[in-house]
Amino acid sequence: MTTTARPTTTTGPTDTTAILTGSRRGIRPRTRRVEPIYYLFLLPTLVIFTLAITVPGVMGIFFSFTDSIGIGEWSFNGFTNYIAMFSDPAILQSYLFTFGFSIATVIVVNVIAFLLAVGLTSRIRFKTGLRTIFVIPMVISGIIIAYVFNFLFSNSIPAAGEAVGIPFLQTSLLANPDLAWVAIVIVTAWQAVPGTLLIYIAGLLSVPGEVYEAASIDGASKTQQLTRITVPLVMGYVVINIILGFKGFLNAYDIIVGLTNGGPGTSTRSVAMTIIAGFNGGDYAYQMANATIFFIVAVLISLLQLSLTRGRNAL
């Protein structure tokens with residue numbers, strides 16, 4: 001007796017996948033329609049950004065190839081401004097000061113903010129009130145902070161140094177060309193620590209408590225938990241603070257103006273101060289070339305930092 005098998009039709013994985021993905025002919029994938037109201041809300045921001053950022057930036061790059069003083073007639077001079085920049089000791093000194101100041105301030109701010117964050121997330125009393133106190137400098141204007149510390153460095157500290165008989169404190173740091181940058185780092189760090197502190201607190205609170213409990217059971221000390229558990233787990237937040245801080249300190253202006261105004265001499269003049277001083281002194285096109293180079297340097301640093309940290313320290 002012969003039995004004839006009934007042919008069966010099965011749907012293979014390829015057909016199922018095609019049905020689900022819509023890749024078979026006659027099946028179109030569903031596309032999500034963007035509501036027109038979204039574009040309506042985007043338009044004002046796009047227009048303002050273009051008029052306030054993009055257009056002035058493009059115009060500045062254009063005038064960097066001219067001999068314009070900001071008003072009146074002008075003519076093209078090619079790369080003359082760019083060539084002159086690299087032999088100008090004032091501009092080279094401003095770049096040296098700006099990068100040195102930024103690196104020193106980033107280190108100081110992140111070390112202090114991280115230690116404060118560890119303390120303010122531990123089991124201590126009044127930590128909520130202390131967090132509020134520590135973030136107050138973040139909401140005060142930089143120029144006001146600079147004038148207050150200017151008075152302290154120029155009057156209060158020298159008077160205290162004379163009263164206690166300490167010669168080092170009897171002279172203002174702001175009057176010393178070799179140490180004025182230290183005062184700028186102190187004041188800038190005082191204002192920048194709160195913002196960095198908040199990011200570190202968020203990072204520390206995201207670490208599961210079970211990790212520390214397991215480490216305590218295994219006999220790890222507080223120092224070992226800090227160096228081998230806390231630091232590696234919040235490294236992504238460290239990277240964020242370093243990037244944000246370095247970018248912000250490169251544009252330092254108001255605190256330096258309020259403390260030293262670029263002095264003594266030009267020892268503490270930042271790149272931003274050099275550019276603005278050039279605008280007021282009739283070197284518009286020359287300083288626009290300086291601003292263009294500074295913009296390129298900032299973009300290159302951003303790309304370098306992103307390439308070094310991408311995929312390894314993501315939150």
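Everything quoted here is computed from the prediction, not taken from an experiment.

Draft legend 1. Structural view of the overall build of the protein. Along the protein, the regular secondary structure elements total 13 helices and zero strands. Taking all 315 residues of the protein together, the buried fraction comes to 32%. About 20,100 Å² of surface is accessible on the protein, with carbon and sulfur atoms providing 68% of the total.

Draft legend 2. Structural detail: the packing of aromatic side chains. Taken as a whole, this structure holds 18 aromatic pairs when the rule is applied. Measuring from centroid to centroid gives 6.3 Å for Phe101 and Phe249, while their planes differ by 65°, and the two rings are edge-to-face. Here Phe101 is found in helix α4 (residues 89–120), whereas its partner Phe249 is found in helix α10 (residues 235–250), with 148 residues between them in sequence. Taking the relative accessible area as the measure of exposure, Phe249 reaches 9% and is therefore buried. Ring centres of Phe149 and Trp190 lie 5.4 Å apart, and the angle between their planes is 65°; on these two criteria the pair is classed as edge-to-face. A residue pair is termed long-range when its members are at least 10 positions apart, and Phe149 in helix α6 (residues 142–164) and Trp190 in helix α7 (residues 180–205) qualify at 41 residues. Classification of Phe149 as buried rests on a relative accessible area of 16%. Note on Trp190: relative accessible area 38%, which makes it partly exposed. One aromatic cluster is present, built from ring pairs that chain together Phe62, Phe63, Trp74, Phe76, Phe279 and Tyr284.

Cut-offs used in this document
Residues numbered from 1 in each chain as written. Predicted model: local features only at pLDDT ≥ 70, side-chain atom pairs only at ≥ 80, totals over all residues. Heavy atoms only, no water. Helix = DSSP H or I, 4+ residues; strand = E, 2+ residues; numbered from the N terminus. Buried < 20%, exposed > 50% of the residue type's maximum accessible area, 1.4 Å probe, protein only. Areas by Shrake-Rupley, 256 points an atom, 1.4 Å probe, with all protein chains shown as cover. Phe/Tyr/Trp six-rings, centres within 6.5 Å; stacked < 30°, edge-to-face > 60°.

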